[in-house]
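Okay, here's what each chain looks like letter by letter:
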Amino acid sequence: MIDIDNKIVSTDLLKECFACDISKCKGICCVEGNAGAPLEEEEVAILEKEYPNYKPYMTGLGIQAVEEQGFMVLDEEGDLTTPLVNDAECAYAYVENGVTLCAIEKAWAEGKTPFRKPISCHLYPIRLINFSNGTVGLNYHRWSVCSSARECGKKLGLPVYKALKEPIIRRFGEDFYHALEAAEQYIKEQ
């Protein structure tokens, strides 16, 4: 672990390799799991406000789940998460050509909404932990469904944080990303 700008960062983000390979995993991370995707508190209002813009891309069952459960649910630990369809796929997911994708991100890509998708989805496999003192922890979450991403990342020699440059900058800013680059270089030199 290293401390960068009051954030506790797992060195695995700098050492381990990862590159999403959706052609192999088929977007299973939007289907599997024991809860929906984690949400930040301010994202709930955004999901509600932008609903008319991404709803046309959702499945009928996804729309039904949102209308019955709300734009978020509390998981068993009391954390905000996306609602699920039949305790499986995210309510905001849809399938295209056999691949599970995000309806919110599709609306964003088509210029229908300024909100790309929940930051936890964009940052995955980085998981954030908010500590009571205001510090944020960044951990590398290893999940068996992402084995193809680990293989692809190794072939490319792409560390987790480099694969997630855009979402890291979205959430923490460019200065933090550059600090991660410096930390990686420092570790290599040790």
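Structure shown above.
Residues numbered from 1 in each chain as written. Predicted model: local features only at pLDDT ≥ 70, side-chain atom pairs only at ≥ 80, totals over all residues. Heavy atoms only, no water.

**Q** An account of the pairing of strand S8 (residues 136–140) is requested, with residue identities and associated values reported.
**A** In terms of residue burial, S8 counts as a mostly covered element, since 4 of its 5 residues are buried. Here strand S7 (residues 126–130) hands over to S8 after 5 residues, with Gly134 in that stretch at a positive phi of 95 degrees. (Buried < 20%, exposed > 50% of the residue type's maximum accessible area, 1.4 Å probe, protein only. Helix = DSSP H or I, 4+ residues; strand = E, 2+ residues; numbered from the N terminus. Pairing = 2+ DSSP bridges.)

**Q** Tell me about the sheet that holds S8, and please be specific about residues and values.
**A** Taken in spatial order, the 4 strands line up as S1-S2-S8-S7 in an open sheet, and their pairing is mixed. In this open sheet, the two edge strands, each paired with only one partner strand, are strand S1 (2–4) and S7. When the angles between neighbouring strand axes are averaged without regard to direction, this sheet yields 25 degrees. With 3 bridges joining them, strand S2 (residues 7–9) and S8 adopt parallel strand pairing. Looking across to S8, one finds that Val9 is bridged to Leu138. (Axes fitted to C-alpha atoms, helices over the stretch in contact; angles between N-to-C directions.)

**Q** Any details on the pattern of salt bridges? Residues and values, ideally.
**A** If you walk through the whole model with that rule in mind, you get 12 salt bridges. Of the charged contacts in the structure, one is a salt bridge between Asp12 and Arg142, with a shortest N-O distance of 2.8 Å. Remark: Arg142 occurs in the loop between S8 and helix H7 (147–156) and Asp12 occurs in helix H1 (residues 12–15); sequence separation between them is 130 residues. Owing to a relative accessible area of 21%, Asp12 belongs among the partly exposed residues under this scheme. Lys106 is paired through a salt bridge with Glu110; the nearest N and O atoms lie 3.8 Å apart. You can call Glu110 partly exposed: its relative accessible area is 42%. A single salt-bridge network, built from bridges that share partners, covers Glu105, Arg116, Lys117 and Glu166. (Salt bridge = Lys/Arg side-chain N within 4 Å of Asp/Glu carboxyl O.)

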